[in-house]
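# Coordinates in review
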Amino acid sequence: MAATVQLLCLATSSGVPLYCRSKGESRQLPFSVIGSLNGVHMFGSNQDIFLTSTSTDNTKVCWRVFHDSITLIAMASEEDASDLYLSRLLDNVFSAMVLVIGLDDLVNLKNVERMKRELRACYKLIDSFLAASDWMGDLTQCVDCVVSPHTDILQEALDVFVAAAASESNFGCLMVMNKVVVATEKWWRLAAQEIMLLAWLVGSLAPSTSRDYPIYLPHGSPTVPHRLLTFQLVPGVEVCLLCGPTPTLQQVQTELVERFWSPLLEPLKTCLRVHQHSFSAGIPLHRSILGLLLVNREQNKNLFTLQPHTVEHSQQQGAAVPPERRRSILRLFYTLAVSSYFPADSSEDSSAPLHEEFHTSFTHSPAECYIAADDHKCYAIQTQQHQLFLIFTSDTPTFALRNIATKTINLLTKELPF
């Protein structure tokens, strides 16, 4: 059976489907199946049973109800379809709906047909959460970043540009292929999920030289809209502003963009050259590393790459473990580590039991874990500020994993402003 993910959105009070989105070779679900999926959850609720997920032989199903108004159901046959992944998928999807159309209409659902039409504006963003991508923020709930060798120059330019364009807000960031390179201090003060959603929204929109897009902030301003202004500096690199009624799009485009950014053409192009690697290729990582995910737990940022070495070396490694397989491995390993071993963050949603208790005979909180499979090995290490998840070639000695991981996290946190 081909791997599929299907997502249903229903009006909680009536059970009427609002939309159905899917990934993979999946057919439209019959209304009887949709009714059964909603019915079993409603029956449980009426019996004071909190049903969050269940599994069949080849499919996992997860339910979430938001504000007693919207019910989301996810079904997945993929191997990495864990409770953690599906729960965060549903949370991201609902927040994406709030981001685009606001909370008021979702909570006060009166006209189902009108709501169906409004929700079409969310489809591309929702579909991006179902598709495999070069981002990890949907799972980590952190924003994907790129560390440029010209970070200081770009940060200074962004701060001056945002102050000139929208001095009353000072919310702005620079993105390369929808990963954040630099951002203003106030942008980083937004909720971690909001920063992640804004990056994914920009990535889901049709290419454009400039945009003026109304958005709501799911945590900070779910009922009052703001304007998201984006300007393409070079193909793949965009600067974004979050503001109120002023300034106008044309004002910023004609008076400020070229003035502040045209002198920085080469640093901007450098961002494009390093975006897949996520940081400078000059950092000497161990040659057995196939991919890595570095999470800054305090700042809610992560670096993710499936090409940790030069293109030639990465191509040689790809013959053994293709990039798609590495992405799946890394997502599975991250889910295993944060669900079973690493302690839950205090901000983690406590409404669903996503974290398993560690073995009762152990009184400590694990800081490292590893797995060894036929075609790869993985190692994770957690410090007070960072988490590092690594994929290794299968011939890497197991006894060497800890040493390599420790040296790698020390090297990355020392060499990178991250």
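Up top is the structure.
In this report, we go over the structure that sits alongside the text. Chains are numbered independently. Their residues run from 1 in the order of the written sequence. With pLDDT at 70 or above as the cut-off, local features in this predicted model cover only qualifying residues; side-chain atom pairs require 80 or more to be listed or tallied, and sums for whole chains, interfaces and linings still use all residues. Excluding hydrogens and water, the side-chain figures rest on all heavy atoms present in the structure.

## What to know about the sheet that holds strand β13 (residues 301-305)
- Between any two strands, pairing holds if DSSP finds at least two bridges. Helix and strand definitions here come from DSSP, where helices need a minimum of 4 consecutive H or I residues and strands a minimum of 2 consecutive E residues; each element is numbered from the N-terminal end. Strands sit in the order β6-β13-β12-β16-β15-β14 across an open sheet of six strands; the sheet is mixed. Unpaired on one side and paired on the other, β6 (143-144) and β14 (368-372) mark the two borders of the sheet.
- Pairing between β6 and β13: two bridges, direction parallel. Across the sheet, Val143 pairs through a bridge with Lys301, a residue of β13.

## Topic: the sheet that holds strand β8 (residues 179-183)
- Ordered by their spatial adjacency, five strands build an open sheet running β8-β7-β11-β10-β9, and the pairing between neighbours is antiparallel. Of all strands in the sheet, those with a lone pairing partner are β8 and β9 (210-217), marking the two edges. Looking at each pair of strands side by side, their axes are set apart by 30 degrees on average, direction ignored.
- The pairing of strand β7 (residues 171-176) with strand β11 (residues 237-243) spans six bridges and is antiparallel. Looking at the pairing, Cys173 lines up with Cys240 of β11.
- Whether two residues are in contact is decided by their heavy atoms: any pair within 4.5 Å suffices. Lines fitted to the C-alpha atoms define the axes, with helices restricted to the stretch that makes contact. Angles between their N-to-C directions range from 0 to 180 degrees. Most of the contacts of helix α11 (residues 265-274) go to strand β10 (residues 221-234), to which it runs at about 105 degrees, and overall it touches β7, β8, β10 and β11.

## What to know about the nonpolar core
- Definition of nonpolar core: a set of buried residues of the types Ala, Val, Leu, Ile, Met, Phe, Trp, Tyr and Cys, connected through side-chain atoms within 4.5 Å. Accessibility here uses a 1.4 Å probe with only protein chains present; expressed as a share of the type maximum, an area under 20% marks a residue as buried, one over 50% as exposed, and anything in between as partly exposed. Counting 101 residues, the largest nonpolar core has Tyr19, Leu72, Met97, Trp187, Leu228 and Phe389 as the members making the most contacts within it.
- In terms of residue count, the dominant contributor to this core is helix α2 (residues 83-101) (13 residues).
- Residues in contact with Phe389, not counting those within four places in the same chain, are Gly291, Leu292, Leu293, Val295, Leu330, Phe333, Tyr334, Ala337, Val338, Phe342, Tyr379 and Ala380.
- Val162, Val239, Val257 and Trp261 belong to the second largest nonpolar core, which has 29 residues in total.

## Looking at the environment of Ala121
- With respect to the secondary-structure elements, Ala121 resides in the loop between α4 (112-119) and α5 (123-130).
- Residue class for Ala121 comes out partly exposed when judged on its relative accessible area of 45%.
- Between the C-alpha atoms of Ala121 and Val100, which are 21 residues apart in sequence, the distance is 7.2 Å.
- In contact with Ala121, not counting residues within four places along its chain, are Val100 and Tyr213.

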